[in-house]
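# Examination of the molecular architecture
The lines below spell out each chain.
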Amino acid sequence: MTLNINIDRDSFRDGIVRSVCPFDCPDTCGLHITIENGEVKKVTGDPLHPVTKGAICNKVRQLPDRVHHPDRLLHPMRRVGPKGTLDFEPITWEEAYDEIIGRMQLLIRDFGAQSILPYSFYGNMGVLNAEGMDRRFFHRLGATKLDRTICNVAGATGYKYTMGGSVGIDPEATVHTKLFLLWGCNLVSTNMHQTMLATEARKHGAIIVHIDVHRNRTSTWADEFVHLRPGTDGALAMGLMHILIRDELVDESFLQEFTIGYGELKQEAQIYTPQYVSEITGVPPERIEWLARMYGTTTPSFIRIGNGLQHHDNGGMIVRAISCLPALTGQWKHPGGGAMKGNGWYSRINNDRLERPDLLPDPDVRTVNMNQLGDVLTRLEPPVRMLFVYNSNPAIVAPDQSKVREGLLREDLFTITHDLFLTDTCKYADLVLPATSHLENLDLYTSYWHLYLQIGEPVLAPSGLSKSNFTLFKELALRMGFERELFDLTEEEMIAEALDAELNPLLEGITVEALREHGWMKAGGGRELPLQERIPTPSGKIELYSDAMLKNGLTPVPTYTPILEETDFPFLLITGPNHSYINSTFGNQSKLQKLEKAPFLNMNEQDAGSLGLLDGDHVLVRNHRGEAKLTLRIGQDVLPGVLVTQGLWWDDAEKGLSSVNALTPQRLADMGGGATFFSNRVEVLKI
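Residues numbered from 1 in each chain as written. Predicted model: local features only at pLDDT ≥ 70, side-chain atom pairs only at ≥ 80, totals over all residues. Heavy atoms only, no water.

## Observations concerning the packing of helix H10 (residues 233-246) against helix H12 (residues 262-269)
To keep things clear, this is the line we draw: Fitting a line to C-alpha atoms yields each axis, with helices limited to the stretch in contact; the angle taken between N-to-C directions then spans 0 to 180 degrees. Numbered from the N terminus, helices here are DSSP runs of H or I no shorter than four residues, and strands are runs of E no shorter than two. The scheme is simple: roughly parallel for angles under 35 degrees, roughly antiparallel for over 145, roughly perpendicular for 65 to 115, oblique for anything else. We call two residues in contact whenever any of their non-hydrogen atoms come within 4.5 Å of each other. Three residue categories are used. Nonpolar comprises Ala, Val, Leu, Ile, Met, Phe, Trp, Tyr, Cys and Pro, charged comprises Asp, Glu, Lys and Arg, and polar comprises the others, including Gly.
H12 packs onto H10 with a crossing angle of 105° between their chain directions and a minimal axis gap of 9 Å. Here H10 is positioned roughly perpendicular relative to H12, judged by the angle of their axes. Mapping the contact onto sequence places Met238, Met241, His242 and Ile245 in H10 and Tyr262, Leu265, Lys266, Glu268 and Ala269 in H12. For the contact of H10 with H12, a count of residues per class yields 6 nonpolar, 1 polar and 2 charged.

If you want it as structure tokens, here you go:
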């Protein structure tokens, strides 16, 4: 039986065609792709897109080099050498499918389906290829479930306790904002179109304040920079509340009508005096007073909550505290006022219809946290015996790399990877399967920042014998004999299931056909929802006091909790993104490598002086989990006791490159099982 889809390669025409950026970025840009002789020659922004308006980042401009990279995987391969090498032989899809199905059936017979574990994230943000047919397949199989918590879950949970869901203001409204607090968010590198909107607002008098642990591109662009110690953002938020309440800068009528728990919050905030908060955060008391008064007297004001600050032990509570601030001053009632951690609530799709969790043979099948893959592969009983990796590169991105790779080296673990390239994870794979790029797929795209849904059509024939995630898991399901009515679907049929408006009335009228006609459609048709309809909390109000938190063993009002201290090591290391990569994506493209130059370690000049280190020194950063070699940058971009390195570099022994996640912990954050990459202590030695 052959299930390969026949592609009419002559059906793809030259010219400029419309597409969507698929990468894990909030902007989800509209693209124009120039095709000549069946190849991508140029990528630009779609000037008609209502939010991204023709502007795209430099890394996406390099898509031609990615799609037509000489190292693209073009056919399935089987390992013939030892694990940890790239010793493979080419095989056919028939041989690959026979081996996968045969092994799955044996594992299910001998150990149960829970011996199989999928590992994926959002290397491709298309709905079908990130959370569609794959989820349905593994649910029907009965495999161990993966809790996909590596990115934003701690902060999303903290924000949800306050606002009820991923509900922010429409970013298009921020052209009216008069004060931007960009909190823990390197906007210039990670959300460039919010930068454009803020720049437009600044032309009309807006002030932009950047609050962060690292002076970076956004700090330079902003009007003001507030520098604080890592993991202390919650204390700063509580200090601002203290001053707002003390100086009667709160909106009492808004609090009465739209919130619950103000009395309890007011009592908690009493202890967070400017002096006390300064001792915790390192921000001078007068600077805290200035920031609070600026926020309390400027309307409309908007807080853009970034991703990094939630990657601490206390990350959920940090975002919980910050998310309460707009309610105190009533910002939600003003166009351009409020906050945003994400906006997925507006364009939420029907995940139950798409993923079909009801197909699980055992609804109580075990769940493992993706942040703890090292322990899962080395300690879990009964053990995982098959790991199926797609849309991710865990040998680089997962924390506690030494333990992850120790698990991947197990000879009794059969690992399959589905990717565009031979990533570092492929070194440990038994089978490597070639994946299509997003330009070779039909898919649906939502944004976790703006409110538009978009459809991306295939504009290229698949490279070599590559297959999409959708096709791969569909064909596996049919070979396993699963129900044809559930798996023998077209992409259009599955998108229609995702767009079922029964769950989300804001999707009414958004269909495959309408998206093909318009290219993009705004959730809710652009109608402005009353505030009462945008607070999906149990009480229907903004919850400054949360019964749900109390039931979950958490403090019901926001507070400050310190991060855990590994006192054996003197420095706190922050491992944020760089400007030219998205996690490990783009890390194998030479143009972008040259722009980033090398993995640098930012150190305060005071610390460097005490250690006798000079700018440009090669240093070894280490702790009890592992080590990484980095090049030192000395200055005042970080506070004493703090180190920052940016970007995930692929392993390269000749260049001395390795993943900094050899250093990061598997501990889970206070909420949602989130990652604690940034609550990480190390020492630094000169090489």
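## Observations concerning the packing of aromatic side chains
What counts is decided by this rule: Only rings of Phe, Tyr and Trp enter the pairing, Trp through its six-membered ring, and a pair is recorded when the two centres are within 6.5 Å. The plane angle decides the type: under 30 degrees is stacked, over 60 is edge-to-face, the rest tilted. Burial status follows relative accessibility: with a 1.4 Å probe on protein chains alone, a residue under 20% of its type maximum counts as buried, one over 50% as exposed, and anything between as partly exposed.
The full count for this structure, using the stated rule, is 18 aromatic pairs. Taken together, a centroid distance of 6.4 Å and an interplanar angle of 10° make the contact between Phe138 and Tyr390 stacked. Of the two residues, Phe138 is situated in helix H5 (residues 133-141) and Tyr390 in strand E15 (residues 386-390); the sequence distance between them amounts to 252 residues. A relative accessible area of 5% means that Phe138 is categorised as buried. Tyr390 sits in the buried class, given a relative accessible area of 0%. Centroid distance Tyr581 to Trp649: 5.3 Å. Interplanar angle 70°. Geometry classified as edge-to-face. Taken as a pair, Tyr581 in the loop between strand E22 (571-576) and helix H25 (590-596) and Trp649 in the loop between strand E26 (642-646) and strand E27 (681-686) lie far apart in primary sequence, 68 residues in all. Here Tyr581 matches Trp649 in class, with each residue buried.

## Side note on the sheet that holds strand E2 (residues 30-36)
Spelled out, the test is: Two strands pair under a simple rule: DSSP has to find at least two bridges between them.
Read across the sheet, 3 strands follow the order E1-E2-E3 without closing on themselves; strand pairing throughout is antiparallel. Whereas interior strands pair on both sides, the edge strands pair on one side only; in this sheet they are strand E1 (15-20) and strand E3 (39-45). Going from strand to strand, the sheet's axes swing by 30° on average, the running direction of each strand aside. Across 6 bridges, E1 lies against E2 in antiparallel orientation. Of the residues in E2, the one forming a bridge with Val20 is Gly30.

## As for the pattern of salt bridges
Pairing is possible between side chains of opposite charge, provided their charged atoms come close. Operational definition: Note on definitions: salt bridges are taken to be side-chain nitrogens of Lys or Arg within 4 Å of carboxyl oxygens of Asp or Glu.
Applying the stated criterion across every chain yields a total of 43 salt bridges. Residue Asp430 pairs with Lys83 through a salt bridge whose shortest N-O separation is 3.6 Å. You can see Asp430 sitting in the loop between strand E16 (414-419) and strand E17 (431-434) and its partner Lys83 sitting in the loop between strand E4 (77-79) and strand E5 (88-90), a full 347 residues away along the chain. A single burial state applies to Asp430 and to Lys83, both of which are buried. One salt-bridge network, in which partners are shared between bridges, spans Arg78, Glu89, Glu99 and Arg103.

## Some words on H5
Buried residues dominate H5, accounting for 8 of its 9 residues. Within the span of H5, buried status applies to Met133, Asp134, Arg135, Arg136, Phe137, Phe138, His139 and Leu141. Residue Gly142 follows H5 closely and has a positive phi angle near 90°.

## Structural notes on the packing of helix H3 (residues 93-111) against helix H20 (residues 469-479)
The test is simple: Here a crossing is taken to be left-handed if its near helix is turned anticlockwise relative to the far helix by less than a right angle, and right-handed if that turn runs clockwise.
Where H3 contacts H20, the axes come no closer than 11 Å and their chain directions differ by 60°. When the axes of H3 and H20 are compared, the pair comes out oblique. Seen along the crossing, H3 lies across H20 with a hand that is right-handed. Two secondary-structure elements touch here, H3 through Trp93, Glu94, Tyr97, Asp98, Ile100 and Ile101 and H20 through Thr471, Leu472, Glu475, Leu476 and Arg479. Taken together, the residues of the contact of H3 with H20 sort by class into 6 nonpolar, 1 polar and 4 charged.

## Quick notes on the environment of His193
Cut-off, in case you're wondering: Polar contact is defined as a pair of N or O atoms within 3.5 Å, subject to the rule that within protein one atom must be able to donate a hydrogen and the other to accept it, and that residues adjacent in sequence are counted only when both atoms are side-chain atoms.
If you trace the backbone, His193 turns up in helix H8 (residues 192-202). Residue classification places His193 among the buried residues on the basis of a relative accessible area of 1%. Spatially, the C-alpha atoms of His193 and Trp449 are 9.9 Å apart, while their sequence positions differ by 256 residues. Beyond its immediate sequence surroundings of up to four residues, His193 is in contact with Asp27, Cys29, Val51, Thr52, Ala55 and Trp449. Of note is the side chain of His193, whose polar atom sits 2.5 Å from the side chain of Asp27.

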